Amino acid sequence: MKGTKGNLGNTAGQWNKVFVQPPPEEEVQIGADQDPRETYLDVLFSPLRFTASAITKALQIYRRGSERSVDLSWEALKREVTLAVENELQSSVTEFEFCQEEYRQLQVEFWSKFYACCLQYQEALALPLGLTVSPHTSMVCLLKKGFVSYLLPCFAVDHLYLSCDEYVFSEEETAITDDPEVGRDVLQLVQCLRLVSDSVSGDMAYEMEKALDQLQSPERAAELVLENMLANDSDNVIEDIQDKLQDVRNPVAAMMVLLREMDLESDAELGTEATLAPGQSLPVRLGLSQLYSGSVAVMVACQAVCQMAMTRALFCRDLLILQKLYLRLGDNVFLRGGSQLLQLQQDLIPRSSHLLSSYHLLKHTSQSLASSVPLDIIDANLQHLSVLELSDTPTLSSNRSVMSPQTVVGLFYQTVARKTIISQIYGQQQSAAPSPALLHWPHMVSNVVHLLAQLLWPSNPSFLFPECLMANCQYTQLQEYVRLIGPWCQTNVGSCRFMLGQCYLANGEGQKALACFQEAASEVEKEEFLVRLTGTDEEEAATSPRLQYYNKVLRLLEDVGLPELVIHMATLAITEAGTDVRSEAALRTRIFKHHLDLSHNSQAYEALTQNPDSSRRLDCLRQLVVVLCERSQLQDLVQFSYVGLHDEVVSIIESRARAVDLLAHNYYELLYAFHIHRHNYRKAGTVMFEYGMRLGREVRTQRGLQKQVNCYLAALNCLRLIRPKYAWIVQPSGAAECERPGASPKRTYDGEFAAEPVKRQVDILELKDLEKEYNLARSRLTLAKHHPTSAGIAGSASAGEMVALLVQAGLFDSALSLCQTFKLSLTPIFEGLAFKCIKLQYGGEDSQNEAWGWLAANQLSTIINTKESSATDEAWRLLASYLERHASPSAQHHRDVINKLLVHGLPLPDWLINAYKGVDAASLLRLYLRYDLLAEAAELVLEYVDALLGKGHQYFGIEMPLSATAPLVWLPYTAIDQLLQALGESQINASMCNKLQEKLDHYHKVLDQSTRRRIAQ
């Protein structure tokens, strides 16, 4: 379907002229820097040149009918055409090597052949077949062989430019001015413009178009075209134009009328929607919501705008060339002299140049096809729009048919413009005209086209079109739009830079996007779109608009995931914050966060220290500590100076250390390194001591015990680095247990206020106390290594309990060391070792094998590893060495061992008896008597009496036997009397009793003699 323009009204029974849409050019201009294939494809698939049917039929003929293409998408048809022409080119090539120019010529040849085929079918399909007029809407349609053309009213200025001289007879038909003289000048001027248009060659028209595309000066391009016209004026067209210009009395006024008619700039705000009156019925509202929303209406409106833009672009081009000719001719054609020349140069030519650029943009936009967008890009775009609080829903169109390729203008009309236009037209007609006026096609379609063109007009304040492109992810088209308006349009400059930045973000060009966002910041308070962008956050209402803008951009950059750009933009925003401490704090927090995410630890710390808000500064410090610990970047964390933040960072690390799993995180070790780095050894020792204590309570495993030993050792080292009088740490005592769990700490059972709790006692731990804890921890670790299952019990065991555990495990060396450290009795050790000897004495082979394990953990003075040496022998040797090394003045350890052996009924080894009787024979006698060992007791007394009398006295520790000059000696008479009584009561031991009595009588006799001699002396 095609749209045409014209006035088909029947005036005085005569047909009026209709301006049909111009057919495609017979030849395609290809620049030296252009690819022939791309150029031909752009022309073939431009929305206004060829129908899909013509291209499809040409493709079938080109392929010689081998394949049929039915209802392909626009892009699919484009691919099929490319493939067909390229295959044809490749099949005709007989040589394998070409220079670039030869291949270019081949491309032009084959593409021009296909293009000519399309021209033929387009011409055939455009053959008129009939005419139809709707009596209800006055719509006129021209039925053609391949499509339908819709006739639209032609705007006055377009009518003047397109009409031949014979169809415009007088100034009264200009319809653009009420002044007859001005109307006559306008007619003369338009006739000159048509002569200029006829004189512009295809090459020069292409150069002019190329200059506009490349953003070169339109005025300079017009001068080049004029110079070419003057150089190649073989038909004296310039003289004819000059003659006609002589008849224009006031060319400046005529030009101003034409420029005013073509300028679509409006002061009215087109972007606001007119609301329907509350009393309107539902059918009216539903009808308006669907009016002109069909695919045909969209196509007609958009093609009408495109055709108008093409016509007026040529009009402005020719007018600019004519104005340049005026400047060359000067006073020869200006009847009013230099003032009009000055006005022409300073006012009219810049306006014409601006209009030419505007209509060129309009033409380019109306011919740009909309791109299909993948769903993931749509989702990302919706996320960005929600961050900016500009939420919109893109039109998700399926794969469109070849019959209706959608342009970006069509997309804009469907999604945004139609509703705005219909609302505005209805609002204007609601009071003056009845509602059926909306259905009058000539009037209605003119308004629709005009308002749509105004919405697209770059100099109008409305920014709906770029917003629509952004909402629908048409990034390439939006970039081209911003590029084309950049040098000459001063409206919505900041908004366009912001949109361009959005496009760069979508394409992954973050640095370019950042530059665009910075450029847009200066226009925040001047442009409606940017005001709307920054005025939606209630929390930031107190801040400046530019600062709100920066915050929106920062959120967008964060959403995209560009922390480097966030840092850069936030740094710029700080200069805008000025004295706004709250905003500056938020920005510096952002900078800190992203520096930390990027592992820029030094920069993150610097941003933290510069934050003016103490609470935010503390939050950032806490985050810095946690993140660097998780990354194991502890060197950086320790080396920061923390000026003014020392206590805070210590408090943070301490709180984290006391709140998290000890083995999963190393906050205590971090705090230790922190204090060591600052030479605060007492604090470092305190930290490691606390760490060790918690490990003993909470991590009762071998690994935990090993770390506890290391902690206590580190604490010891710290205190040894301090002068002795300062070598102490403070340990808070354990909190008193609550007597009434769950009860109020403020009141008693009776409801009365409880007495104030006593302040917590503080314990001072000196170096010797730490050494005790270290030895205890080391013994726990030793036990856990030999018996891993006992690690859970050992973790909280006291020194006394640990001695028992070590003895049970056979670790007697460790138990001895622990007893010596804590000044505990060695009795449990000797009793335990004696018991193990007893078990080995009566145990089997399994006991012997097991014993070698704990025996190896104790150091013997000499190592005997022979076949004759058993585990039992080694155990007895270990016991003997302990008794020898740890002898007590009262022989308490010997007594404990003998007592243990006798309890279990084990005969005493000779070496033990000999060792003990040399120290305390009386105690040995009493032990014999306690366990009813009468024979052994009697034998001991006999030996002891003999020793007193001089026989073997050295075995009982007697220096000199009984004599008048020797020291006094004595016998345990009480124990001996008990022994004699026990022997006397038993018939079995009667002989032993007599023998013992005789020995005692002999002793008493000698004693009496020695006593008398001593007295006599």
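Bear in mind that the values here come from a model prediction, so they are computed numbers and not experimental data. Sequence order sets the numbering: in each chain, residues are counted from 1 along the sequence as written. Totals for whole chains, interfaces and linings use every residue, but because this is a predicted model, local features are given only for residues with pLDDT of at least 70 and side-chain atom pairs only at 80 or more, for both listing and counting. Here the side-chain values reflect all heavy atoms present in the structure, with hydrogen atoms and water set aside.

Trainee: Sorry if this is basic, but what is going on with the overall build of the protein chain here?
Mentor: A helix here means a DSSP run of H or I that spans at least four residues, while a strand means a run of E at least two residues long, and both kinds are numbered starting from the N terminus. Within the protein chain one finds 43 helices and seven strands. Out of the 1017 residues belonging to the protein chain, those deemed buried represent 47%. The criterion used for residue contact is that any of the two residues' heavy atoms lie within 4.5 Å. Sequence separation of at least 24 residues holds for 68% of the intrachain contacts in the protein chain that already meet a minimum separation of 6. Each accessible area value is a Shrake-Rupley result obtained with a 1.4 Å probe; residue values ignore everything except the protein chains displayed when judging cover. Element-wise, carbon and sulfur atoms account for 51% of the exposed surface of the protein chain, whose accessible area totals about 50600 Å². Remark: exposure states derive from per-residue accessible area (1.4 Å probe, protein chains only) relative to the maximum for the residue type, with buried under 20%, exposed over 50%, and partly exposed in between.

Trainee: For this particular structure, what's the right way to read the pairing of strand β4 (residues 140–144)?
Mentor: The side chains of a regular strand alternate between both faces of the sheet. Two strands form a pair only when DSSP identifies at least two bridges running between them. Looking at chain direction, strand β3 (residues 128–133) and β4 are connected through five bridges and run antiparallel. By the bridge assignment, Leu-131 is partnered in β4 with Leu-142. Turn length for the β3-β4 hairpin, with the two strands adjacent in sequence and antiparallel, is six residues, and the turn residue Ser-138 shows positive phi of about 65 degrees. In this sheet, strand β5 (residues 148–152) lies alongside β4 in antiparallel orientation, the contact comprising four bridges. The residue bridging Cys-141 from the neighbouring strand is Tyr-150, located in β5. In sequence, β4 turns back onto β5 through a hairpin of three residues.

Trainee: For this particular structure, what's the right way to read helix α23 (residues 563–577)?
Mentor: Helical periodicity: at 3.6 residues per turn, an α-helix aligns residues three or four positions apart in one direction. Each helix should span, by expectation, one fewer than its residue count multiplied by 1.5 Å. The first and last C-alpha atoms of α23 sit 20 Å apart over 15 residues, in line with the 21 Å expected at 1.5 Å per residue. For α23, the complete set of buried residues consists of Pro-563, Leu-565, Val-566, Ile-567, Met-569, Ala-570, Ala-573, Ile-574 and Ala-577. Residues of α23 that are buried make contact with α20 (510–521), α22 (545–560) and α24 (581–597). Looking one or two places after α23, you find Gly-578, whose phi comes out positive at around 60 degrees.

Trainee: Whenever I open this one, a negative patch on the surface confuses me. Can you help?
Mentor: A cluster of acidic side chains, namely Asp-235, Glu-239, Asp-240, Asp-243 and Asp-247, defines a negative patch on the protein surface. Looking at the secondary structure, you find Glu-239 in helix α9 (residues 237–246). Nonpolar side chains (Val, Leu, Ile, Met, Phe, Trp, Tyr) are joined into patches within 5 Å and like charges within 9 Å, using only residues with over 30% relative accessible area and no salt bridge. Whenever a carboxyl oxygen of Asp or Glu lies within 4 Å of a side-chain nitrogen of Lys or Arg, that contact is scored as a salt bridge. A residue counts as positive if it is Lys or Arg and as negative if it is Asp or Glu; His and the chain ends are not included. Charged side chains are reduced to one point each, which is NZ for Lys, CZ for Arg, CG for Asp and CD for Glu.

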